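Descriptive analysis of the structure
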Amino acid sequence: MLGYPTAFGQVECTKLVAAPSYTEKRIGYLGINMLMDQTSDVLMLVTNQIKRDLNARETYVSALGLTAIAECSTEEMCRELYTEVIRLMRSSSSYIRTRAALAAIRTIKNIPDVIEDFYEAITQCLEDKHQGVLMATVTLCCEICRIDDSHIPWMRKFVQPLCRQLKNLLMSGYAPEYEIGGVKDPFLQVKIIELLGRIGHGSSEASDEMSDVLA
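Residues numbered from 1 in each chain as written. Predicted model: local features only at pLDDT ≥ 70, side-chain atom pairs only at ≥ 80, totals over all residues. Heavy atoms only, no water.

Quick look at the overall build of the protein chain
Each helix and strand in the protein chain was counted, giving twelve helices and two strands. In sequence order, the secondary structure elements of the protein chain are arranged as α-α-α-α-α-α-α-α-α-α-β-β-α-α. Whereas a compact globule of 215 residues would reach a radius of gyration of roughly 17 Å, the protein chain reaches 19 Å, a difference of no more than 12%. Along the longest, intermediate and shortest principal axes, the C-alpha atoms of the protein chain span 60 × 40 × 35 Å. For the protein chain, contacts bridging at least 24 residues in sequence account for 69% of all contacts bridging at least 6. With the model as given, the accessible surface of the protein chain reaches about 11400 Å², and the carbon-plus-sulfur share is 53%. A distance of 4 Å separates the average location of the 22 positive side-chain charges in the protein chain from that of its 28 negative side-chain charges. (Helix = DSSP H or I, 4+ residues; strand = E, 2+ residues; numbered from the N terminus. Rg over C-alpha atoms; globule rule 2.2 N^0.38 Å. Contact = heavy atoms within 4.5 Å. Areas by Shrake-Rupley, 256 points an atom, 1.4 Å probe, with all protein chains shown as cover. Lys, Arg positive; Asp, Glu negative; His and termini not counted. Charge placed at Lys NZ, Arg CZ, Asp CG, Glu CD.)

If you want it as structure tokens, here you go:
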């Protein structure tokens, strides 16, 4: 953190990640996220362990692996692990679905050629009732549009569901966990509007569909 070389600690982090204890594992993953980036040679040593953790029964262990993918994964790691990320986007736990969608953002940045493989999982997550899952998935869709605009026509089928989600945010009652200054989840509202802007651009039909809720 002070700019000194951290190679001496990186191998210790990989040992901690492989430890059976959740506490040690958590410290190891924190170290990886803080001390390593895509250029770290040691990072490839933890790929197999991350894959094992993504298949763990304990939700919090899987979440650690997903966070590591979202924070510091390389192109090679993403190619090895992206099918696990897609699987976990369909998890029964909203906590895991949220983190899987965030891991997917890093994955499509590293390997944009697999974006179409995420289509089905994205479709499912955009119908989700959980605000965190929605926020992460809408952000993922915005990134896809930014990386490769050839996917925008496919996304136009989400105009109605997105408008419905936005309307729910505007019309639904008080929700203390998401309300800020009297506004229901402003961050999600802004992200949905950003995505609608991207997929509505150049399409009068999509623009007409969203005009009511925007007004």
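Examining the pattern of salt bridges
Summed over the entire model, instances satisfying the criterion amount to twelve salt bridges. For D53, the salt bridge identified is with K25, shortest N-O distance 3.1 Å. In this pair, D53 sits in helix α3 (residues 47–54) while K25 sits in helix α2 (residues 22–35), placing the two residues 28 residues apart along the sequence. Residue K25 is classed as buried on the basis of its relative accessible area, which comes to 6%. The salt bridge involving R87 is made with E84; its shortest N-O contact spans 2.8 Å. Placement of both R87 and E84 in helix α5 (residues 75–88) is noted, with a separation of three residues, approximately one turn of the helix. Here E84 falls in the buried class, since its relative accessible area comes to 12%. Connected through shared salt-bridge partners, E75, R79 and D113 make up one network. (Salt bridge = Lys/Arg side-chain N within 4 Å of Asp/Glu carboxyl O. Buried < 20%, exposed > 50% of the residue type's maximum accessible area, 1.4 Å probe, protein only.)

Details of α5
Taking 1.5 Å of rise per residue, the 14 residues of α5 would be expected to cover 20 Å, and the 19 Å separating its terminal C-alpha atoms lies within 8% of that figure. Helix geometry: α5 is bent most strongly at L81, by close to 55°. Contacts made by the buried residues of α5 are with α3, α4 (59–72), α6 (94–110) and α7 (119–125). (Expected span 1.5 Å × (residues − 1). Bend = angle between axes of the 7 residues up to and from the residue.)

What about unusual backbone geometry?
For D185, which is not glycine, the phi dihedral falls at a positive 45°. By the element assignment, D185 lies in the loop between β2 (183–184) and α11 (186–200).

Brief notes about helix α8 (residues 131–147)
Between the first and last C-alpha of α8 there are 24 Å, a value that for 17 residues agrees with the 24 Å anticipated at 1.5 Å per step. Counting buried positions over the 17 residues of α8 gives 13, a clear majority of the element.

Notes on the nonpolar core
M89 and F118 are the most contacted members of the largest nonpolar core, which has 66 residues in total. A total of nine residues in this core trace back to one element, the largest contributor, which is α8. (Core = buried A, V, L, I, M, F, W, Y, C linked by side-chain atoms within 4.5 Å.)

Examining the packing of aromatic side chains
Taken as a whole and judged by the stated rule, the model has three aromatic pairs. Measuring from centroid to centroid gives 3.6 Å for Y119 and W154, while their planes differ by 5°, and the two rings are stacked. Here the residue Y119 occupies a position in helix α7, and W154 occupies one in helix α9 (residues 152–155), the gap between them amounting to 35 residues. Neither residue differs from the other here; Y119 and W154 are each classed as buried. Seen from their ring centres, W154 and F158 are 5.0 Å apart, and the 85° between their planes marks the pair as edge-to-face. With respect to class, W154 is no different from F158; both count as buried. Members of the aromatic cluster, connected to one another through ring pairs, are Y119, W154 and F158. (Phe/Tyr/Trp six-rings, centres within 6.5 Å; stacked < 30°, edge-to-face > 60°.)

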